[in-house]
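Secondary and tertiary structure notes
If you want the building blocks of each chain, they are given just below.
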Amino acid sequence: MTTAPLILITGGAGYIGSHTVVALQQAGFDTIIVDDLSNSEPGVIDGITRITGVRPHFEQVDCCDKPALAAVFDNHPAITAAIHFAASKSVGESVRQPLKYYRNNLLSLINLLDEMIRHHVDQLVFSSSCTVYGQPDHLPVAEDEPVKPAMSPYGNTKQIGEEIIRDAAAANDRLQAVLLRYFNPIGAHPSAEIGERPAGVPQNLVPFITQTAAGLRNELSIFGDDYNTPDGSCIRDYINVVDLAKAHVTALHYLLERKNAQPVEAFNIGTGRGLSVLELIALFRKATGVDLPAKIVGRRPGDIEQVWANPQKANDVLGWRALETIDDTLRSAWNWEKRIRKIT
Ligand code: UFG
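To start, this report covers the structure provided alongside it.

Digging into the overall build of the protein
From N to C terminus, the protein includes 11 helices and 13 strands. Against the 2.2 N^0.38 benchmark of 20 Å for 344 residues, the protein shows a C-alpha radius of gyration of 19 Å, consistent with a compact globule. In terms of overall dimensions, the protein has a C-alpha envelope of 55 × 45 × 40 Å along the principal axes. Counting all 344 residues of the protein, 55% fall into the buried class. Entry remark: accessible area of the protein is about 14800 Å², with carbon and sulfur atoms responsible for 50%. Side-chain charges in the protein split into 32 positive and 40 negative, and the spacing between the mean points of these groups amounts to 4 Å.

Quick notes on unusual backbone geometry
For the bond running from Leu139 to Pro140, omega is -5 degrees, close enough to zero to count as cis. Along the chain, the position of Pro140 falls in the loop between β5 (123-129) and α6 (153-171). Even without a glycine there, the phi angle at His120 is positive, about 55 degrees. You can see His120 is positioned in the loop between α5 (98-118) and β5. Phi at Arg258 is positive, roughly 55 degrees, even though this residue is not glycine.

Considering helix α3 (residues 66-75)
When we look at burial in α3, the residues that qualify are Leu69, Ala70, Val72 and Phe73. Taken end-on, α3 shows its buried residues confined to a sector of 150 degrees, consistent with a single buried face. Exposed positions of α3 whose direction lies more than 90 degrees from the buried face are Pro67 and Asn75. Where α3 is buried, its residues contact β1 (6-10), β2 (30-34), β3 (57-59), β4 (79-84) and α5.

Things to note about the nonpolar core
With 40 residues, the main nonpolar core has Ile7, Leu24, Leu180, Leu252, Phe267 and Ile269 as its most contacted residues. Looking at this core, the elements that each hand over two or more residues are β1, α1 (15-26), α2 (43-52), β4, β6 (176-182), α8 (241-256), β11 (264-269) and α10 (312-318). It is α8 that provides the largest number of residues to this core, a total of 10 residues. Core analysis: the next-biggest nonpolar cluster, separate from the first, contains 27 residues, Ala86, Leu109, Ala168 and Leu179 among them.

Description of the packing of α1 against α2
Interhelical geometry of α1 versus α2 gives an angle of 30 degrees and a closest axis separation of 10 Å. Looking at the two axes, α1 sits roughly parallel to α2. Judged by the sense of rotation from one axis to the other, the crossing of α1 with α2 is right-handed. Together, Ser18, Val21, Val22, Gln25 and Gln26 of α1 and Val44, Ile48, Ile51 and Thr52 of α2 make up the contact between the two elements. Each residue belonging to the contact of α1 with α2 can be placed in one class, and the counts come to five nonpolar, four polar and no charged.

Focus: the site of the ligand
In the neighbourhood of the ligand, 20 residues make up the surrounding shell, with Asn204, Leu205, Ser221, Arg236 and Asp303 lying closest. Take Asn204: an N or O atom from its side chain is 2.7 Å from an oxygen atom of the ligand. Here an oxygen atom of the ligand sits 2.8 Å away from a polar atom, N or O, in the side chain of Arg300. Of all the secondary structure elements, the ones that give two or more residues to the shell around the ligand are α7 (205-213) and β8 (220-223). The greatest single-element share of the shell around the ligand, amounting to four residues, is contributed by β8.

Concerning the environment of Phe223
By the secondary structure assignment, Phe223 is in strand β8. What Phe223 contacts, discounting residues up to four positions off in sequence, is Val297, Gly298, Arg299, Arg300 and Asp303.

Conventions adopted
- Residues numbered from 1 in each chain as written.
- Predicted model: local features only at pLDDT ≥ 70, side-chain atom pairs only at ≥ 80, totals over all residues.
- Heavy atoms only, no water.
- Helix = DSSP H or I, 4+ residues; strand = E, 2+ residues; numbered from the N terminus.
- Rg over C-alpha atoms; globule rule 2.2 N^0.38 Å.
- Buried < 20%, exposed > 50% of the residue type's maximum accessible area, 1.4 Å probe, protein only.
- Areas by Shrake-Rupley, 256 points an atom, 1.4 Å probe, with all protein chains shown as cover.
- Lys, Arg positive; Asp, Glu negative; His and termini not counted.
- Charge placed at Lys NZ, Arg CZ, Asp CG, Glu CD.
- Arc of directions from axis to C-beta.
- Contact = heavy atoms within 4.5 Å.
- Core = buried A, V, L, I, M, F, W, Y, C linked by side-chain atoms within 4.5 Å.
- Axes fitted to C-alpha atoms, helices over the stretch in contact; angles between N-to-C directions.
- Parallel < 35°, antiparallel > 145°, perpendicular 65-115°, else oblique.
- Left-handed = near helix turned anticlockwise from the far one by under 90°.
- Nonpolar A, V, L, I, M, F, W, Y, C, P; charged D, E, K, R; others polar.
- Near = heavy atom within 4 Å.
- Polar contact = N/O pair within 3.5 Å; in protein donor to acceptor, adjacent residues only side chain to side chain.

Scope: geometric values only; no functional claims are made or implied.
Pasting the structure below:
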């Protein structure tokens, strides 16, 4: 009997991480989650287990704690590859607490790369972001679009993270990485066993929508209707989180099967379709039949006017594409919210 490859998932109890653990298990991989639970709950591990029937290994470790991370590698010599999600991710908080972001996001990556190199774990999939493009000059944006100066310390950690990985791979022949530049992940697992559960007031659009629909918030604020877009509101590429999770499995296969042409390659992970804030709200109302009180307010500082992906490279090279419809995706987000708020 051959044993399944063991994949280390930092931040595997988080929103995207937990969906990726499910996708990995369903693809036949063995998984070990490293997460400090600073922005997630142990119940997530139970949710994963209920979906797949397999409990992932779990180590409650902060990746910034080098000796603790080293011990995870020492205790699990079978680790074959790593997917690195563990990071702080609030754009606004990163402006207020930049050092927290540089410390958490960069130190964890450096520690992980150190341990990977020390233990001959050669393949890494890294959570990057479309934020590296800023407001691109061309839409849809492709991977060869120049990286623009970051709009926030958070965005800067993603840019610097990509550079750190490129430099580490240039200096270490064996190290190979895929950088996945996510657009806007939304939705939840169709089982409603796992989903997005932001601490405090949601900063992102869809969790704010579902919490408003659930009655936790009085009203959704639409940040600006005077942008240079067809309806005046900002445009994003909303990618279903299960589709996004599957992109990690595809990227991992790509690396493990040595199909990559370069040691480090970046891929956009989006649908290729831009939706405005007003369109998304209308789609949510239509898909769920739930009313949603909303009002237009002023622009949110730092927002990009419009960005959506050219996902052709991921389609052609990785063989990955977004499959879920926006209606199903919005319904999954609502079903998850209803489940955690015990709404029938
Ligand atoms: N929006 C509202 N009201 C809200 C929340 C958001 O109108 O209550 C609008 C925003 O102004 C924006 C759109 O909805 O136009 C999407 O906003 P999100 O906060 O959901 O997402 P962002 O595009 O700002 O940010 C996301 C991720 C970041 C990542 C960034 C890259 O949250 O981690 O994409 O562009 F860096």
